[in-house]
Every structure is written in C-alpha cells, then in structure tokens.
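This is what each chain is made of:
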Amino acid sequence: MRALLMLGLALLAGPALAEPPPPPPTPTLAWLERQQSAAADEANAAGATSSKAREPKASCRVVKQWKVGGTVVKHRVCDEAPKPASPARQG
C-alpha cells in the first residue's frame, strides 16, 4: 500500500518538476521611471550635501537637547550670525 502511494505522488509531482520555471516578469515602464527619478533625487541630494559642506560654519553651542520619537532635537545658540554664502550687492 505504501509503495502504491509513493508511486502516485511521484507521478503527480513528475510533470511539475520537469517544467522549467517561468521567466521573471519584466518591469513596467512606470516602475522604471520611478527608479530613475529616485536615483536622480539621490544624486541631487548628494550634490546639495556637498555644497553645504563648503559653507563656513558659525560657532554654536547646544543649549538644550531632547528626544522626539526617534529623532534627537537640539536647540543651538550661536555666538555670531552665520554669514551669507554670497554677499549682497549694494548700489
């Protein structure tokens, strides 16, 4: 009886195991556009970060620090106001 059951299971599983797996679905055009726009956003953010690093930093000290959810919030007091990146022209 056991041999008959094993033979039946092998016959049922045989065709399913013999077939090649289906090819992966091709991504849609909308998905590709989202990926490209996300990559462009990351590149823009990286460019913005590098430009901020060039700005002179004001001397500041942290007066108060507290945690809101998963974010640490700091209240800073600066000795002097930060200087603008490009001087304003008068005239």
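Residues numbered from 1 in each chain as written. Predicted model: local features only at pLDDT ≥ 70, side-chain atom pairs only at ≥ 80, totals over all residues. Heavy atoms only, no water.

Peer 1: Lay out the overall build of the protein chain with the relevant residues and their values.
Peer 2: When you go through the protein chain residue by residue, the secondary structure sums to two helices and two strands. Along its sequence from the N terminus, the protein chain presents helices and strands in the succession α-α-β-β. Here the protein chain holds 91 residues, and 0% of them are scored as buried. For the protein chain, the accessible surface area stands at approximately 8,800 Å², while carbon and sulfur atoms represent 61% of it. (Helix = DSSP H or I, 4+ residues; strand = E, 2+ residues; numbered from the N terminus. Buried < 20%, exposed > 50% of the residue type's maximum accessible area, 1.4 Å probe, protein only. Areas by Shrake-Rupley, 256 points an atom, 1.4 Å probe, with all protein chains shown as cover.)

Peer 1: Can you tell me about a nonpolar patch on the surface, naming the residues and giving the values?
Peer 2: A cluster of nonpolar side chains, namely Leu5, Met6, Leu9 and Leu12, defines an oily patch on the protein surface of about 460 Å² accessible area. When you line up the elements, leucine 9 lands in helix H1 (residues 2-18). (Patch = residues over 30% accessible without salt bridge, like charges linked within 9 Å, V, L, I, M, F, W, Y side chains within 5 Å. Salt bridge = Lys/Arg side-chain N within 4 Å of Asp/Glu carboxyl O.)

Peer 1: Describe the state of the cysteines, listing the residues and the values that go with them.
Peer 2: In this structure the tally under the stated criterion is one disulfide. Two residues share a disulfide in this structure: cysteine 60 and cysteine 78, whose sulfurs sit 2.0 Å from each other. Given an S-S torsion of about 85 degrees, the disulfide between cysteine 60 and cysteine 78 has right-handed geometry. Of this pair, cysteine 60 sits in strand E1 (residues 60-68) while cysteine 78 sits in strand E2 (residues 71-78), placing them 18 residues apart in sequence. Overall, the relative accessible area of 36% leaves cysteine 60 in the partly exposed class. Overall, cysteine 78 belongs to the partly exposed group, its relative accessible area being 35%. (Disulfide = S-S within 2.5 Å.)

Peer 1: How would you sum up the pairing of E2? Please name residues and give values.
Peer 2: Pairing of E1 with E2, which is carried by eight bridges, proceeds in the antiparallel orientation. Residue pairing in the sheet places glutamine 65 in a bridge with lysine 74 of E2. Hairpin connection between E1 and E2: a loop of two residues separates the two successive antiparallel strands, and glycine 69 in this loop has a positive phi of roughly 65 degrees. (Pairing = 2+ DSSP bridges.)

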